[in-house]
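# Structural overview
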Amino acid sequence: MAAPDTSQPAATEPAPPTAERAREQAVNPGGETLPHPPLMNRLVSLAVIVAALYFGRDLLMPLALAILVGFVLDPLVSWLKRRGIPRALAVLVVLTATLTLLVAGGFFVYGQMRQMATNLPSYEQTITRKLRSFGETLRQPGVLDQYSRVVDKVEKEIDKAQRAADAKKPAAERPAKVEVVGQTLSPWDRVGRWIERFATPLALVGIVVVFVFLILLDKGDLRDRALRLLGGNLHRTTDALNEAGRRVSRYLGMQLLVNATYGIPMALGLLLIGVPGALVWGLLAAVLRFVPYIGPIIGAIFPLTLAFAVDPGWNMVLWTLALIVTLELISNNVIEPWLYGASTGLATLSLIVAAMFWTAIWGPIGLILSTPITVVLLVLGQHLPQLQFLEVLLGSEHALDEPTRLHQRLLAGDVEEAIELAAQRAGETSPRQFYDQVGLGALQLASSAHGSEATAEHHHRVVSGMARVIEDLREQHPVNTELPVRVACIGGRWTIDALAADMAAHVLALQSIGSRVVPPGEMTSEYFARLDLQGVELVCLSYFSTDPSTLAKYFVRRLQRRWPEVRVVVAAWSEPSTGSETLSAQQIGAAAVVGSMEELLAQVQQLLAGAAAAPYAPAPLPDDESERLRALHDSGILDPALRGRFDAIARRAADAFDCAVAQVSLLERDWQLTHGDSSASGRPEQGAPERSVPRAESLCAHVVADAGPLVVPDTLRDPRFGANPVLKERGLRFYAGVPLRQQAEGPVLGTLCLLDTEPRQLSARDVLLLEHMADEVMRAVQEQAAQRAGAAAGDTPALAPS
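About the thresholds
Residues numbered from 1 in each chain as written. Predicted model: local features only at pLDDT ≥ 70, side-chain atom pairs only at ≥ 80, totals over all residues. Heavy atoms only, no water. Pairing = 2+ DSSP bridges. Helix = DSSP H or I, 4+ residues; strand = E, 2+ residues; numbered from the N terminus. Axes fitted to C-alpha atoms, helices over the stretch in contact; angles between N-to-C directions. Contact = heavy atoms within 4.5 Å. Phe/Tyr/Trp six-rings, centres within 6.5 Å; stacked < 30°, edge-to-face > 60°. Buried < 20%, exposed > 50% of the residue type's maximum accessible area, 1.4 Å probe, protein only. Patch = residues over 30% accessible without salt bridge, like charges linked within 9 Å, V, L, I, M, F, W, Y side chains within 5 Å. Areas by Shrake-Rupley, 256 points an atom, 1.4 Å probe, with all protein chains shown as cover. Salt bridge = Lys/Arg side-chain N within 4 Å of Asp/Glu carboxyl O. Parallel < 35°, antiparallel > 145°, perpendicular 65-115°, else oblique. Left-handed = near helix turned anticlockwise from the far one by under 90°. Nonpolar A, V, L, I, M, F, W, Y, C, P; charged D, E, K, R; others polar.

## Some thoughts on the sheet that holds strand S1 (residues 487-491)
Within a sheet, adjacent strands bond to each other through the backbone by hydrogen bonds, running parallel or antiparallel. If you walk across this open sheet you meet the five strands as S2-S1-S3-S4-S5, and the pairing is parallel. Each edge of the open sheet carries a strand with a single partner, namely strand S2 (515-518) and strand S5 (592-594). On average, adjacent strands in this sheet sit at an angle of 25 degrees to one another, irrespective of strand direction. Summarising the sheet, strand S3 (residues 538-543) and strand S4 (residues 567-572) pair through six bridges and their orientation is parallel. Across the sheet, Tyr543 pairs through a bridge with Ala572, a residue of S4. Of the strands in this sheet, S1, S2 and S3 touch helix H19 (residues 495-510), which is tilted by about 160 degrees from S1.

## A few points about the packing of aromatic side chains
Inspection of the entire model under this criterion finds six aromatic pairs. Ring plane angle 5 degrees and centroid distance 5.6 Å describe the contact between Trp281 and Phe302, whose orientation is recorded as stacked. A residue pair is termed long-range when its members are at least 10 positions apart, and Trp281 in helix H10 (residues 278-288) and Phe302 in helix H11 (residues 294-310) qualify at 21 residues. Judged by its relative accessible area of 6%, Trp281 falls in the buried class. According to the relative accessible area criterion, Phe302 is partly exposed, its value standing at 37%. For the ring pair Phe434 and Tyr435, a centre distance of 5.6 Å and an interplane angle of 55 degrees mean the geometry is tilted. The pair Phe434 / Tyr435 is uniform in exposure class, with both members buried.

## Examining a nonpolar patch on the surface
Together, Tyr293, Ile294, Ile298, Phe302, Ile352 and Met356 make up a nonpolar patch on the protein surface, roughly 570 Å² of accessible area in all. Elements that contribute at least two residues to the nonpolar patch include exactly H11 and helix H13 (348-383). The element best represented in the nonpolar patch is H11, accounting for three residues. Note on placement: Tyr293 falls in the loop between H10 and H11. Tyr293 sits in the partly exposed class, given a relative accessible area of 46%.

## Re the packing of H10 against H11
For any two helices packed against each other, the geometry is given by the interaxial angle and the distance between the axes. Their axes nearest at 7 Å, the elements H10 and H11 cross at an angle of 165 degrees. The angle between the axes of H10 and H11 places the two elements in the roughly antiparallel class. Relative to H11, the crossing made by H10 is right-handed. Of H11, the residues touching H10 (which contributes Trp281, Leu284 and Leu288) are Gly295, Pro296, Ile298, Gly299, Phe302, Pro303 and Leu306. Considered class by class, the residues forming the contact of H10 with H11 number eight nonpolar, two polar and no charged.

## Some thoughts on the packing of helix H16 (residues 415-428) against helix H17 (residues 431-449)
Contact geometry of H16 with H17 gives a least axis separation of 7 Å together with a crossing angle of 120 degrees. When the axes of H16 and H17 are compared, the pair comes out oblique. Taken as a pair, H16 and H17 cross one another with a handedness that is right-handed. Contacts between H16 and H17 involve Ala422, Arg425 and Ala426 from the first element and Pro431, Phe434, Gln437 and Val438 from the second. Residues that form the contact of H16 with H17 fall into these classes: five nonpolar, one polar and one charged.

By themselves these figures say nothing about function.
See below:
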């Protein structure tokens with residue numbers, strides 16, 4: 001709201017970021033400014049790359065195939081190397097075993113085919129009889145026969161007219177009949193043609209074997225060269241190569257498992273049906289499924305053709321067809337989604353286009369390599385800024401995040417699609433989460449673009465469209481209109497703030513907190529005189545300004561002059577959820593400052609509940625608490641000899657995440673026990689777990705209760721933990737903890753947790769790393785238990801903790 005009143009202090013508002021910067025931040029959250037070369041340069045570069053791939057296919061195709069085979073064989077080489085076998089010998093053993101297996105498989109297939117060749121005359125007779133029977137059926141009079149006679153008559157008339165036209169032409173212009181007579185080839189010519197036909201495939205196999213041997217022999221040097229060629233940030237490039245290797249290996253492993261679950265039932269089913277060579281066709285079906293799209297079709301043609309040739313009737317063909325269709329349905333709709341999951345992260349359209357592209361330039365081998373190559377390109381695009389366009393083109397994730405998608409639909413005037421997006425997200429989660437994670441983000445983008453590239457028409461579309469979105473959500477998620485109004489939501493400055501206030505009122509009303517939206521206006525004496533807050537206990541003041549402190553302070557002061565009993569909660573939607581606080585509730589005169597709908601709801605509930613309500617709610621006990629306590633004491637994790645190893649793991653965790661403290665915490669009946677502490681340097685290597693905090697005040701107890709990771713970026717801004725006395729006493733602002741379990745679905749014994757005095761954020765990859773370090777804790781427990789069991793049996797003396 002503008003404030004022409006002379007009593008209002010002047011407020012300088014920093015210029016909003018440009019729309020271009022907002023778009024860059026949407027696609028490049030890291031804030032790194034990326035150069036955008038001209039479109040012609042990109043097209044020329046793309047043409048050069050495609051030409052190089054096409055004309056260099058004789059070299060690049062075997063190399064790519066060798067790298068793919070290397071991904072499959074490298075785990076076996078590493079396994080042998082860990083057993084003390086030199087790498088060169090391990091590579092030689094694995095390659096020899098692989099080639100032996102392939103040759104043995106080839107001989108097996110050849111033997112089966114020879115055996116079936118002896119029955120070819122009988123198969124030929126069966127096929128002939130069926131085709132004759134089928135032809136006789138077609139020749140019977142019917143609708144098709146009538147159409148056939150009409151077509152024959154038309155063809156005869158056309159042929160007659162053509163002969164009449166040719167008869168009028170001179171003899172020199174008439175078409176001459178040409179007959180091609182085959183030449184008789186000598187035996188040496190035939191041998192030469194056979195050699196020429198098989199030389200190229202054999203040479204390709206030989207080159208691939210040599211490349212595979214070299215790749216497996218010196219994998220580290222090749223990785224170093226790839227890092228040097230890709231350049232840029234070493235951390236990003238290393239992560240890109242590691243993730244590419246992990247995804248390709250997972251894809252190939254899952255593909256092998258899927259093919260096995262298809263080929264084995266195929267062979268057994270064909271064997272029961274009685275199709276000759278059932279094992280060969282099962283093996284062939286499994287191998288051909290490595291070829292996307294057309295491989296399964298080719299694999300199905302052979303058993304169907306043989307069933308057609310063997311059985312004089314049609315039962316075998318129908319049973320074989322039913323078997324293939326059933327296996328395809330189960331594999332495509334059950335096995336593949338279950339095993340693959342998100343192993344590649346590729347969009348379906350990008351997979352199809354990639355298959356067409358690589359097949360066009362490299363042929364059938366390109367079709368086999370299309371998915372692994374596209375996976376590598378996708379990972380490079382996800383990690384390297386200069387290749388981010390690959391992630392947009394190939395990835396299965398949306399090119400725009402949800403707030404940007406909603407904002408774009410509103411900018412384009414596609415209100416119906418915006419309503420559909422909002423309804424879908426609110427239906428999957430809740431209106432509060434939609435407002436928190438999508439709606440406020442879209443309004444933030446609109447606020448950032450206002451006054452720069454956004455025109456008046458753009459602003460009108462966003463405001464009117466978002467109002468309709470909120471109205472539709474109110475209709476789909478109605479509230480109790482009979483509730484007494486206890487909260488008034490006011491937009492602090494302009495229409496975008498008023499829309500956020502409308503969202504806040506809906507969120508509060510859905511939680512049975514009576515609320516209404518007060519129309520915004522200029523902060524004049526007349527406005528405050530007309531303001532009706534009868535019965536209202538709280539006012540939620542909504543701002544999208546990057547620095548609303550001056551305006552909020554002025555509004556609170558003027559409001560409390562007229563309504564001194566009303567408390568104010570300032571919702572600064574542009575405030576970062578972590579980092580140093582630029583707004584202080586005490587300086588503004590507000591009861592609280594919030595930055596999200598979740599914070600707003602929790603603060604309002606707490607303020608309306610009054611001082612009598614408990615400021616901090618302990619974590620509930622798990623349903624299996626007695627079983628969990630028994631597992632805690634039986635697991636051996638309380639062993640005093642583990643303290644030194646737990647301290648070492650905690651120190652590594654604190655160092656990896658650059659946190660003040662990392663701890664291995666265990667939850668007893670009434671206390672949280674600390675058995676590993678990164679800050680406890682110099683203490684003895686052995687010692688019993690120490691009592692840390694009462695369980696009722698423990699954040700780790702919430703991890704045990706929820707049986708999952710817990711990340712609190714800023715404890716002061718999280719109403720669940722803001723009033724925790726232990727956090728206040730120790731000045732802790734950040735907490736992250738992951739469960740410690742003996743088994744994947746077993747009870748949670750404790751946590752590996754991180755603590756810091758400054759707010760922080762953890763990514764999903766960071767949480768995964770912390771979970772891997774928690775697995776190290778449990779492996780240490782298992783190793784210590786094994787050592788004690790061995791010492792008790794008299795096999796080996798107990799080892800000191802490392």
